[in-house]
Amino acid sequence: MAPLLSSMLLLLCALPLAAAEFPWSQGVPAALVQEAVQPDRVAQEEACDWRPVLTPIAEALVKDCGSAREAVLALAGGLPEATGVHYSIERSKPAMNVLEALAERKVSCTGQSILLVCALRSVGIPARMVGVLTWNHIRGNHSWAEAWFEGAWHMIEYAEHDFNTPWVMENIGMLDPQSPQQRIQALTPVGTEVFLPAYAMDERCLPAEDVSARYAELARDWYARAGAVADQQRLMVDCETRPSEPLPVRVETEDEQLVSQDFLPTEQDDVRRFARLALPRSGRFFLRVGASAERLPLKASPAPVQILRLSL
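Please read these numbers as outputs of a predicted model, since none were measured by experiment.

Visitor: Please give an account of the sheet that holds strand β7 (residues 193–195) that cites residues and values.
Guide: Strand order in the open sheet formed by six strands is β5-β4-β3-β6-β8-β7, and the pairing between neighbours is antiparallel. With partners counted over all chains shown, the strands left at the sheet margins are β5 (152–156) and β7, one partner each. Taking each pair of neighbouring strands and ignoring which way they run, the sheet shows an average axis angle of 45 degrees. In this structure, strand β3 (residues 127–132) lies alongside strand β6 (residues 184–187), joined through three bridges in antiparallel fashion. For Gly131, the partnering residue across the bridge sits in β6 and is Gln185. Relative to strand β4 (residues 142–149), helix α8 (residues 212–226) is tilted by about 90 degrees, and along the sheet it contacts β3, β4, β5, β6 and β8 (206–210).

Right, here's the structure in full:
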């Protein structure tokens, strides 16, 4: 065998498996490959050559998968352990590229989404980042990934083991469909919208597609399956200064019977984390924090959600 041909064969053997060779890649439309598989940049992160590093990690996670659905779940659930990358409020910036995330291992939800989208793309699955510009009842914004298979886009998050994350669906159901600031947008090079969450202001404009209506329908389906109770209001509780350790918080009846219980978010939790409680719409109820003898009177409002921020 000629030395040049031999060298080329060795090089090809050392390269990661081409995305087109995965069984789930055969039916992907060419336009989607161009828009959501080939691009190396997901959002406003700095461009980098991440494929030689991330592709072998992704391939190892999906090697036993027989479908795109299985591969998406394997990547979303397996990347945290395979990379050591996890959510942290101590990350250096909100939108890290893959190499920065792998080096620092502390990322925002945007960094998690970028890493997952790139992993999906590396094995031939069309993927993109989706974000809500600002929540209605909870401070901040959020982003996640979408993967395309079985002819449709599917919501998936880093470190999750199923689609349509419950807390995201819950909070999407609280959005005001009339508010331009509460739209849900999918980043795509063919989008006609402009993606501008608060953290991206004054940075380059990103084209996006408004997918709010589709997610509103997903949220309605989630609420129906979750068995939302019409005669209860959702009570979300946070603290002005969060405790260092989990502290139980309870909704009680007038005679101290437990109605609902959760734990207050700690100083290490995501800023979007609240204690979620159920407050009946009729009757007298009280809020107790920890083992305190004092109780705060509660009264349900007509809104679907009531927010309380305590001063401990």
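Visitor: So, the layout of surface pockets: which residues are in play, and what are the values?
Guide: Its boundaries defined by the atoms lining it, the largest pocket holds a volume of some 370 Å³. Residue lining of the largest pocket: 19 residues in total, with Tyr223, Ala228, Val229, Gln232 and Arg234 positioned closest to the centre. Elements represented by at least two residues in the lining of the largest pocket include exactly α8, β9 (232–239) and β12 (275–280). Partitioning the lining of the largest pocket into residue classes produces 11 nonpolar, four polar and four charged.

Visitor: Tell me about α8, and name the residues and values.
Guide: Here α8 contains 15 residues, and its C-alpha end-to-end distance of 21 Å stays within 8% of the 21 Å for a straight helix at 1.5 Å per residue. Within α8, the full set of buried residues consists of Tyr215, Ala219, Trp222 and Tyr223. Considered in projection along α8, the buried side chains sweep an arc of 100 degrees and stay on one side of the axis. α8 presents Ala213, Ala224 and Arg225 as exposed residues on the side facing more than 90 degrees away from its buried surface. Its buried side turned inward, α8 meets β3, β4, β5, α7 (166–172), β6 and β9. A positive phi of about 70 degrees marks Gly227, the residue just after α8.

Visitor: Quick one: what's the story with the nonpolar core, residue by residue and with numbers?
Guide: Nonpolar side chains in soluble globular proteins generally cluster together in the buried interior. Grouped together as the largest cluster of nonpolar side chains are 45 residues, with contacts concentrated most on Trp24 and Leu116. At the level of secondary structure, the elements contributing two or more residues to this core comprise α3 (51–62), α4 (68–83), α5 (98–104), α6 (109–122), β3, β4 and β8. Take this core: its biggest share by element is seven residues, from α6. Look past the residues within four positions of Trp24 in its chain and what remains in contact with it is Val62, Cys65, Gly66, Ser67, Ala68, Ala71, Val123, Gly124 and Ile125.

Visitor: Please set out the pattern of salt bridges residue by residue, giving values where relevant.
Guide: According to the stated counting rule, one finds 20 salt bridges in the structure shown. In this structure, Lys63 and Asp64 form a salt bridge, with 3.2 Å as the shortest nitrogen-oxygen distance. Assessed through its relative accessible area of 61%, Lys63 is described here as exposed. It is possible to trace a salt-bridge network through shared partners that takes in Arg250, Glu252, Glu256, Arg288 and Arg295.

Visitor: Any details on α4? Residues and values, ideally.
Guide: Under the 1.5 Å per step criterion, the end-to-end length of α4 is 21 Å for 16 residues, consistent within 8% with the ideal 22 Å. Along α4, the sharpest change in direction is near 40 degrees and occurs at Gly77; proline Pro80 comes one to four residues later. The set of residues buried in α4 consists of Ala68, Ala71, Val72, Leu75, Ala76, Gly78, Leu79 and Thr83. Next to the buried residues of α4 lie α3, α5, α6, β4 and β5. Just downstream of α4 lies Gly84, where phi reads positive at about 80 degrees.

Criteria and thresholds
- Residues numbered from 1 in each chain as written.
- Predicted model: local features only at pLDDT ≥ 70, side-chain atom pairs only at ≥ 80, totals over all residues.
- Heavy atoms only, no water.
- Pairing = 2+ DSSP bridges.
- Helix = DSSP H or I, 4+ residues; strand = E, 2+ residues; numbered from the N terminus.
- Axes fitted to C-alpha atoms, helices over the stretch in contact; angles between N-to-C directions.
- Contact = heavy atoms within 4.5 Å.
- 1 Å grid on protein atoms, 1.4 Å probe; cavity = no way out; pocket = protein on both sides within 12 Å on 5 of 7 lines; lining within 4 Å.
- Points joined across faces, edges and corners; volume = space filled by probe spheres on them.
- Nonpolar A, V, L, I, M, F, W, Y, C, P; charged D, E, K, R; others polar.
- Expected span 1.5 Å × (residues − 1).
- Buried < 20%, exposed > 50% of the residue type's maximum accessible area, 1.4 Å probe, protein only.
- Arc of directions from axis to C-beta.
- Core = buried A, V, L, I, M, F, W, Y, C linked by side-chain atoms within 4.5 Å.
- Salt bridge = Lys/Arg side-chain N within 4 Å of Asp/Glu carboxyl O.
- Bend = angle between axes of the 7 residues up to and from the residue.

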